[in-house]
Amino acid sequence: MGSSRQEKDKKVFNTSIRFTEEQMNKVKTKADENNMKVSAYIGYLVDKDNVSVTPEIMAILQNITNTAVNIAKEHSYDDAEKMQRKVDKLWQSLK
């Protein structure tokens, strides 16, 4: 029976981290703002250590670009396709 998660993505390590009360409050707040658990948020930060775009900002960008693409589709299908390709490229660079 196979797993849908790839081997490289399996979470097999567990550790504990010590925080000050202020640090813990900050990380909980940031995790909540991004609709994430603390451990998922910390993992996200480790993976994206040099990217300042949060999941929340990515969702906002996606909504804005979806709206722009839908407006473009009403006016010109060619423009909408070009815009969609640019959005896809932007989206891949943010992941």
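Just above sits the structure.
What counts as what
- Residues numbered from 1 in each chain as written.
- Predicted model: local features only at pLDDT ≥ 70, side-chain atom pairs only at ≥ 80, totals over all residues.
- Heavy atoms only, no water.
- Helix = DSSP H or I, 4+ residues; strand = E, 2+ residues; numbered from the N terminus.
- Contact = heavy atoms within 4.5 Å.
- Areas by Shrake-Rupley, 256 points an atom, 1.4 Å probe, with all protein chains shown as cover.
- 1 Å grid on protein atoms, 1.4 Å probe; cavity = no way out; pocket = protein on both sides within 12 Å on 5 of 7 lines; lining within 4 Å.
- Points joined across faces, edges and corners; volume = space filled by probe spheres on them.
- Nonpolar A, V, L, I, M, F, W, Y, C, P; charged D, E, K, R; others polar.
- Buried < 20%, exposed > 50% of the residue type's maximum accessible area, 1.4 Å probe, protein only.

Caption draft 1: Main features of the overall build of the protein chain. Secondary structure summary: the protein chain contains 4 helices and 0 strands in total. Counting from the amino terminus, the protein chain carries its helices and strands in the arrangement α-α-α-α. Residue pairs in contact within the protein chain that sit at least 24 positions apart in sequence constitute 22% of those at least 6 positions apart. As presented, the protein chain carries roughly 8,300 Å² of accessible surface, and 52% of it is formed by carbon and sulfur atoms.

Caption draft 2: A look at the layout of surface pockets. The space that makes up the largest pocket amounts to roughly 550 Å³. Together, 16 residues line the largest pocket, and Lys11, Phe13, Ser39, Ile42 and Gly43 are the ones closest to its centre. Per-element tally for the lining of the largest pocket: the top contributor is helix α2 (residues 38–47), with 7 residues. Residue composition of the lining of the largest pocket, grouped by class: 9 nonpolar, 4 polar and 3 charged.

Caption draft 3: How the structure looks around unusual backbone geometry. Positive phi values are uncommon outside glycine, yet Asn35 reaches one of about 55 degrees. Residue class for Asn35 comes out exposed when judged on its relative accessible area of 73%.

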